[in-house]
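A look at the structure
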Amino acid sequence: MSGIHDFIDNEVKTNDVVLFMKGTPEFPQCGFSGQVVQILDYVGVDYKGINVLADADIRQGIKDYSNWPTIPQLYVKGEFVGGCDIVREMFQSGELQTHLQGQGIAVKGAA
Ligand SMILES: N[C@@H](CCC(=O)N[C@@H](CS)C(=O)NCC(=O)O)C(=O)O
Ligand code: FES
């Protein structure tokens, strides 16, 4: 196992919600990442953002880890959820909020 794989594995397993993205939650540097940030902020969930632009090995490593070719990538409780399109569709259907709550993760406005 490579060091990058272990780093990623540790991040997704020790943080409930992790977003691998371009830029930071405060300053996204791509519209796809920015859309997921907006959704997560709207839903009101705490998450950790990891900027793949700061590290080329993570940028490639996260694609290998999930076998998914693009950034952003959202993980909940150690599981890959999806990229921008999937997260947006799940948000619009309400499935994202349901999934988070089902995992015991607090979302805004939930009891
Ligand atoms: N349709 C994709 C949009 C994301 C996307 O196309 N990302 C591209 C451009 S930011 C990407 O990560 N390319 C590989 C790279 O930049 O390393 C999704 O649902 O997440
Ligand atoms: S950085 Fe160009 S589309 Fe994401």
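Residues numbered from 1 in each chain as written. Chains lettered and ligands numbered in written order. Predicted model: local features only at pLDDT ≥ 70, side-chain atom pairs only at ≥ 80, totals over all residues. Heavy atoms only, no water.

Okay, the packing of helix H4 (residues 84-93) against helix H5 (residues 95-102) next. Where H4 contacts H5, the two axes come as close as 5 Å, and the packing angle between them is 90°. Relative to H5, the element H4 lies roughly perpendicular. Of the residues in H5, those in contact with Val87, Met90, Phe91 and Ser93 of H4 are Glu95, Leu96, Gln97 and His99. Residue classes in the contact of H4 with H5 are distributed as 4 nonpolar, 3 polar and 1 charged. (Axes fitted to C-alpha atoms, helices over the stretch in contact; angles between N-to-C directions. Helix = DSSP H or I, 4+ residues; strand = E, 2+ residues; numbered from the N terminus. Parallel < 35°, antiparallel > 145°, perpendicular 65-115°, else oblique. Contact = heavy atoms within 4.5 Å. Nonpolar A, V, L, I, M, F, W, Y, C, P; charged D, E, K, R; others polar.)

This next bit is on the sheet that holds strand S4 (residues 79-82). Reading across the sheet, the 4 strands line up as S2-S1-S3-S4 and stay open at both edges, with mixed pairing between neighbours. Both outer strands of the open sheet, strand S2 (48-51) and S4, are each paired with one neighbouring strand and no more. Direction aside, neighbouring strands of the sheet carry axes that sit 25° apart on average. Sheet topology note: the strand S1 (residues 17-21)/S2 ladder contains 4 bridges and is parallel. In the sheet register, Leu19 faces S2, and the bridge partner there is Gly49. Sheet strands touched by helix H1 (residues 3-14): S1, S2 and strand S3 (73-76). Its angle to S1, the strand with the most contacts, is close to 140°. (Pairing = 2+ DSSP bridges.)

What follows covers the site of ligand 1. Every residue lining ligand 1 is accounted for by Lys22, Cys30, Phe32, Arg59, Lys63, Pro69, Thr70, Ile71, Pro72, Gly83, Cys84 and Asp85. The backbone of Cys84 places a nitrogen or oxygen atom 2.7 Å from an oxygen atom of ligand 1. Here Asp85 contributes a backbone N or O atom positioned 2.8 Å from an oxygen atom of ligand 1. Taken together, the residues of the shell around ligand 1 sort by class into 6 nonpolar, 2 polar and 4 charged. (Near = heavy atom within 4 Å. Polar contact = N/O pair within 3.5 Å; in protein donor to acceptor, adjacent residues only side chain to side chain.)

So, about H4. Think of an α-helix as turning once every 3.6 residues; residues three or four places apart then point the same way. The set of residues buried in H4 consists of Cys84, Val87 and Met90. Along the axis of H4, the buried residues cluster in a sector spanning 135°; they form a single face. Seen from the buried face of H4, the exposed residues on the opposite side, beyond 90 degrees, are Glu89, Gln92 and Ser93. Of the residues one or two after H4, Gly94 is the one with positive phi, at around 90°. (Buried < 20%, exposed > 50% of the residue type's maximum accessible area, 1.4 Å probe, protein only. Arc of directions from axis to C-beta.)

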